[in-house]
Amino acid sequence: MENCWDFLEWLGSDTTSAVFSRLDDPADLVRAAAVSRSWRKFVVTNGFSKRLCLRICPEVSNFTCIMEVSSSSTNQEAGSSTAMEWKNLESQHKIYAYLFHCLVSPKGNKDCIHHCLGASSTDNFPDESIANTLEPSDRVDMRPSYWSSGGKRDPGIPESLTYRLTSGLCVINEIKIKPFKGQYFCSFSNGNTFFYKIIDLMMFYIFVFSAFFQFGDPIYSAKSVRFSMGYFKLTRDLECYVSDENEGQLTVDENYVWTYVSPEFPMSQDNVLQSFKLPRPALCIGGVVKIELLGRVQKQAMDNLYYICVCHVQVIGFPLSPCLVVDVSDTCGTLVLKYSPNAALGTSLDGASVDESREPSRWHAIATRIRHLGAGGGWNQAILNTLLGPPVQFIDEEDDDSDMELLS
């Protein structure tokens with residue numbers, strides 16, 4: 001035993017760091033750290049678990065700091081500065097190793113959209129609202145379901161759709177978008193029957209005020225798309241379901257910090273659910289996704305303006321473990337990754353089951369339409385609230401202590 005050499009001492013710190021940096025599994029780092037005290041100190045102090053995370057997910061660099069939240073943290077006694085520093089390094093090593101495990105662990109992908117934040121413009125609200133893009137079908141209750149932008153003479157003017165995800169931390173693999181296809185408008189009149197002429201007038205009225213009935217079955221796609229992911233930097237109480245009053249207000253870039261921006265993808269002018277796979281899985285920090293629709297290709301015949309219309313949108317990926325929570329500081333914009341090892345599994349933003357937290361978007365669209373019509377007709381708001389319930393507002397875990405209690 002007297003002739004045994006420590007691998008670290010024999011190779012030196014630089015060469016050893018180069019060797020350890022080639023490890024691509026946190027389990028290997030855990031095994032290396034268990035060899036001896038010197039090996040553990042070398043692995044922890046050099047932050048190899050953090051390097052692993054940054055290698056596969058550069059968005060991790062946006063975290064200002066990370067911390068562990070546990071019930072015993074308040075009872076810890078203060079020690080020497082060296083001991084506290086070592087304890088902090090060990091905690092970071094553990095958290096980054098767990099984060100890497102969550103990022104690469106195979107999980108079932110699903111649509112991660114929770115609700116809509118808004119569209120840059122809407123032609124006819126609420127009939128052509130962004131809320132319709134959450135419906136999987138082109139038609140709901142015998143009527144077309146789609147979002148339509150406002151008409152523009154310049155085909156280069158972009159549009160955007162912004163969504164809130166089921167969790168503040170989601171890994172996104174691909175985004176799916178289905179452009180809207182107008183249907184051919186035909187005349188019922190044969191010139192002899194008054195009844196058919198009345199039908200023609202009714203159909204023409206619908207044709208004028210809706211993109212659904214159009215000559216030639218046009219498809220209102222965009223030329224290309226781009227995706228941004230990040231977090232909302234204003235007070236959370238401003239976020240609510242899309243209404244006629246706030247439509248477009250929550251889509252301004254100044255309201256967000258984007259931690260990931262995808263390359264630009266060409267979109268085909270086809271009425272199919274088109275898949276746009278990201279170059280690599282991206283970590284959405286903050287739970288907000290913006291879809292930029294760049295360039296217009298289709299004019300509406302009656303007004304000679306360019307429109308973009310979308311039937312359906314899916315953001316495909318999976319939420320990270322509820323043990324990991326991102327905390328956004330409103331004052332200085334810092335991002336803190338909090339690790340709560342005792343967090344309850346299967347919870348979402350508001351502590352409810354992820355599968356139960358997303359209520360049917362169809363009901364929200366109907367309720368929005370009723371409120372919109374009621375406000376214009378002078379209906380009693382107290383009666384509307386009694387029938388429909390008060391307007392729902394979403395508050396994320398980083399702004400409500402009660403949500404943190406549910407997650408911890």
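1. A word on the pattern of salt bridges
In this structure the tally under the stated criterion is ten salt bridges. Here Glu68 and Lys94 are joined by a salt bridge, their closest N and O atoms 3.1 Å apart. Here Lys94 lies in helix α6 (residues 81–104) and Glu68 lies in strand β1 (residues 65–68), a separation of 26 residues in the sequence. Take Lys94: its relative accessible area is 41%, and that puts it in the partly exposed class. Its salt-bridge partner being Glu264, residue Arg226 comes within 3.8 Å of it at the nearest N-O pair. Of this pair, Arg226 sits in strand β9 (residues 222–232) while Glu264 sits in the loop between β10 (256–261) and β11 (265–266), and the two are 38 residues apart along the sequence. Using a relative accessible area of 24% as the deciding quantity, one classes Arg226 as partly exposed. One connected set of salt bridges, linked through shared partners, spans Arg226, Glu264 and Glu292.

2. Considering the sheet that holds strand β18 (residues 335–339)
Pairing is mixed in the open sheet, where three strands are placed in the order β1-β18-β17. In the strand order of this sheet, the two ends are held by β1 and β17 (324–328), each with one partner. Pairwise comparison of adjacent strand axes, ignoring direction, gives a mean angle of 25° for this sheet.

3. Here's the deal with the packing of helix α3 (residues 26–33) against helix α4 (residues 37–45)
For any two helices packed against each other, the geometry comes down to the angle between their axes and how far apart the axes lie. Remark: α3 packs on α4, axes separated minimally by 7 Å, with the N-to-C direction vectors making an angle of 140°. Comparing their axes, α4 and α3 come out oblique. Here Leu29, Ala32 and Ala33 of α3 lie close against α4, whose contacting residues are Trp39, Arg40 and Val43.

4. Thoughts on the packing of helix α2 (residues 13–20) against α4
Following both chains from N to C, one finds α2 and α4 inclined at 70°, their axes separated by 11 Å at the closest point. Taken together, the axes of α2 and α4 are roughly perpendicular relative to one another. Contacts between α2 and α4 involve Ser13, Thr16, Ser17 and Phe20 on the former and, on the latter, Trp39, Phe42 and Val43. The residue makeup of the contact of α2 with α4, split by class, is four nonpolar, three polar and no charged.

5. With respect to the environment of Thr259
Summarising the element assignment, Thr259 is placed in strand β10. Sequence separation between Thr259 and Ser228 is 31 residues, and the spatial gap between their C-alpha atoms is 7.7 Å. If near-sequence neighbours (up to four positions away) are discounted, Thr259 is found in contact with Glu59, Asn62, Met229, Gly230, Tyr231, Leu283 and Ile285.

6. Thoughts on the confidence of the model for the protein
Reading predicted coordinates in detail is not appropriate for stretches of low pLDDT. Mean pLDDT over the protein works out to 77, with 65% of the residues at or above the 70 mark. Averaged over each element, pLDDT in the protein is lowest for helix α11 (residues 401–407) (34) and highest for β11 (98). Low pLDDT, under 50, characterises residues 184–191; the predicted model gives this stretch 21 contacts beyond four residues in sequence or across chains. For the stretch residues 392–408, pLDDT sits under 50, and the model shows 47 contacts to residues farther than four places along the chain or on other chains.

Conventions we followed
- Residues numbered from 1 in each chain as written.
- Predicted model: local features only at pLDDT ≥ 70, side-chain atom pairs only at ≥ 80, totals over all residues.
- Heavy atoms only, no water.
- Salt bridge = Lys/Arg side-chain N within 4 Å of Asp/Glu carboxyl O.
- Helix = DSSP H or I, 4+ residues; strand = E, 2+ residues; numbered from the N terminus.
- Buried < 20%, exposed > 50% of the residue type's maximum accessible area, 1.4 Å probe, protein only.
- Pairing = 2+ DSSP bridges.
- Axes fitted to C-alpha atoms, helices over the stretch in contact; angles between N-to-C directions.
- Parallel < 35°, antiparallel > 145°, perpendicular 65-115°, else oblique.
- Contact = heavy atoms within 4.5 Å.
- Nonpolar A, V, L, I, M, F, W, Y, C, P; charged D, E, K, R; others polar.
- pLDDT = per-residue confidence, 0-100.

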